[in-house]
Amino acid sequence: MRFRTVGSLFIICTLWVCMVYFSPKFAIWFWVLLVVTIIVKGFLLVRYLQLNEAQNTLGKVILEQTGDIDVCRYDVTPQLINATDTAPEHVIDPIRPYVNVSGSHEDYLKDMSQFSIEQRHILSVNLYISAVYGDGHYGFFTDSVGMVYLDAIEGLKAIGAEKYAMILEEAISAFDGKNRPLFDLKRRVDKINELGLDFEKADDAIYSLDEYAKKIAEMQMVYIRSHVNNFLFDNPQKH
C-alpha cells in the first residue's frame, strides 16, 4: 500500500513538473491521473479496511480457540459467522451467560425468549452434542442441561439432522420423556435411575454416525449461515 502510494505521488509530481516547466500539454494528463489516483486509492482504502476487519475477526476466532480471549465478550457479526474457521461454539457461546440452564425450565424459557428461535435451536443442539461427546447420554440427561432435550430434538430436525434426532427420540422414549416431559433435574435423574437406564445404545449410535462430531458441526454452520441475521448479537459485556 505504501509502495503504491509513493509510486503514484512520484508520477503525479513528475507530470506536474513537466506541465509547469516544459509544456502545457501535460496539464490534461496531470488532472486525469490525479482523478484516477483518487478513485483507485479510495477503492484500495475500502478494500484494506474490509481486509483488516476480516483479519481482526479471524484473529478473535484463533485467540478464542487457544483460550486467549473470553468467548463471551465479543459480538457475533456476519464476518465472524462467514469466517472459514468459525465453529458453532463461536456463534452461540456469547449468549450462554444470558441463558440459565442450571435453574428451572421456566428460567430457561424466560431467558431464551429474548433470542431467536434459530439461536434456541443451535444452543440446545450444541448443549446436547457437547454433553453426549463428553459423558454420553446418561451424562446429558443427569445434568441440568438435560432439560433442553425436547428443544434439541426440534433443533436437530431444523438443521436437517434427522438421524441424530431419531437417536435422541429413542433415548427419551425409554423414560417416556416426550409424552411426560421431565424438565426437573431431580425427577429426571430419579426416573432414569429407577429404570436402570444407561443409554449405551444411544451413545454407540451417535458415535457410529459421527465419530468426532464433525458432521453435526458442519450441519450447524450451514444452518447458521443460512439464517445469518437471526444470529447477530451485540454483546453488552464487551462495552
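Our subject is the structure listed above.
The structure displayed is predicted, hence computed values, not measured ones.

Asker: Where do I start with the side chain of Glu118 in this structure?
Answerer: Within the fold, Glu118 resides in helix H6 (residues 117-141). As a buried residue without a salt bridge, Glu118 has its nearest oppositely charged side chain in Arg120, at a separation of 11 Å. Sequence-distant contacts of Glu118, defined by excluding residues within four places in its chain, comprise Tyr223, His227, Asn230 and Phe231.

Asker: Help me understand the environment of Leu185, please; the structure alone is not making it clear to me.
Answerer: On the secondary structure map, Leu185 appears in helix H9 (residues 185-195). Once the C-alpha coordinates of Leu185 and Asp143 are considered, the two residues, 42 residues apart in sequence, prove to be 7.0 Å apart. Among residues more than four places away in sequence, those in contact with Leu185 are Phe141, Thr142, Asp143 and Ser144.

Asker: Honestly, the pattern of salt bridges in this entry has me stumped. Any pointers?
Answerer: Between side chains of opposite charge, a pair can form when the charged atoms approach closely. With the rule as written, the count across this model stands at seven salt bridges. Residue Lys201 is joined to Glu170 by a salt bridge in which the shortest nitrogen-to-oxygen separation is 3.2 Å. With Lys201 in helix H10 (residues 200-209) and Glu170 in helix H8 (residues 162-173), the pair connects residues that are 31 residues apart, well separated along the chain. Exposure remark for Lys201: the relative accessible area of 64% places this residue in the exposed category. Accessibility expressed as a relative area gives 46% for Glu170, which makes it partly exposed. For Asp176, the salt bridge is made with Arg180, and the minimal N-O distance between the two is 4.0 Å. Note on Asp176: relative accessible area 30%, which makes it partly exposed.

Asker: Is there a simple way to think about the nonpolar core in this case?
Answerer: Note on soluble globular proteins: their nonpolar side chains tend to be buried together. Judged by nonpolar contacts, the single largest core of 52 residues is most densely connected at Tyr128, Phe140, Phe141, Leu156, Leu168, Phe175 and Ile216. Every element with two or more residues in this core is listed here: helix H3 (78-82), helix H4 (88-92), helix H5 (105-112), H6, helix H7 (149-158), H8, H10 and helix H11 (214-225). Sort the elements by how many residues they give to this core and H6 lands first, with 10 residues. When near neighbours in sequence (up to four residues on either side) are disregarded, Phe175 contacts Phe141, Tyr149, Leu182, Lys191, Ile192, Leu195, Leu197 and Phe199.

Asker: Before we go on, may I ask you to explain the packing of H6 against H8 in this structure?
Answerer: Helix packing for two helices is described by the angle between their axes and how far apart those axes are. It is the contact of H6 with H8, at a shortest axis distance of 12 Å, that shows an interaxial angle of 20°. If you check the angle between H6 and H8, you find them roughly parallel. Note on packing geometry: the crossing formed by H6 with H8 is left-handed. Residues Tyr128, His137, Phe140 and Phe141 of H6 lie in contact with H8, whose contacting residues are Tyr164, Ile167, Leu168, Ala171 and Ile172. When its residues are assigned to classes, the contact of H6 with H8 shows eight nonpolar, one polar and no charged.

Asker: Honestly, the packing of aromatic side chains in this entry has me stumped. Any pointers?
Answerer: Aromatic rings considered in pairs are described by the distance between their centres and by the relative angle of their planes. Using the criterion set out here, one finds 12 aromatic pairs in the structure. Ring plane angle 50° and centroid distance 4.9 Å describe the contact between Phe141 and Phe199, whose orientation is recorded as tilted. Placement of the pair is Phe141 in helix H6 and Phe199 in the loop between H9 and H10, with a sequence separation of 58 residues. The same class applies to Phe141 as to Phe199, namely buried. Summarising the aromatic geometry, the rings of Tyr223 and Phe231 are spaced 6.3 Å apart at their centres and angled 85° between planes, so their arrangement reads as edge-to-face. No difference in accessibility class separates Tyr223 from Phe231, as the two residues are buried. One aromatic cluster is present, built from ring pairs that chain together Tyr128, Phe140, Phe141, Tyr149, Phe175, Phe183 and Phe199.

Asker: Is there a simple way to think about the layout of surface pockets in this case?
Answerer: To find the voids left in a structure, one rolls a probe of water-molecule size over its atoms. The calculated volume of the largest pocket comes to roughly 160 Å³. Of all the secondary-structure elements, those providing two or more residues to the lining of the largest pocket are H8 and H10. Partitioned by chemical class, the residues of the lining of the largest pocket number seven nonpolar, no polar and four charged.

Rules used in this analysis
Residues numbered from 1 in each chain as written. Predicted model: local features only at pLDDT ≥ 70, side-chain atom pairs only at ≥ 80, totals over all residues. Heavy atoms only, no water. Helix = DSSP H or I, 4+ residues; strand = E, 2+ residues; numbered from the N terminus. Buried < 20%, exposed > 50% of the residue type's maximum accessible area, 1.4 Å probe, protein only. Lys, Arg positive; Asp, Glu negative; His and termini not counted. Salt bridge = Lys/Arg side-chain N within 4 Å of Asp/Glu carboxyl O. Contact = heavy atoms within 4.5 Å. Core = buried A, V, L, I, M, F, W, Y, C linked by side-chain atoms within 4.5 Å. Axes fitted to C-alpha atoms, helices over the stretch in contact; angles between N-to-C directions. Parallel < 35°, antiparallel > 145°, perpendicular 65-115°, else oblique. Left-handed = near helix turned anticlockwise from the far one by under 90°. Nonpolar A, V, L, I, M, F, W, Y, C, P; charged D, E, K, R; others polar. Phe/Tyr/Trp six-rings, centres within 6.5 Å; stacked < 30°, edge-to-face > 60°. 1 Å grid on protein atoms, 1.4 Å probe; cavity = no way out; pocket = protein on both sides within 12 Å on 5 of 7 lines; lining within 4 Å. Points joined across faces, edges and corners; volume = space filled by probe spheres on them.

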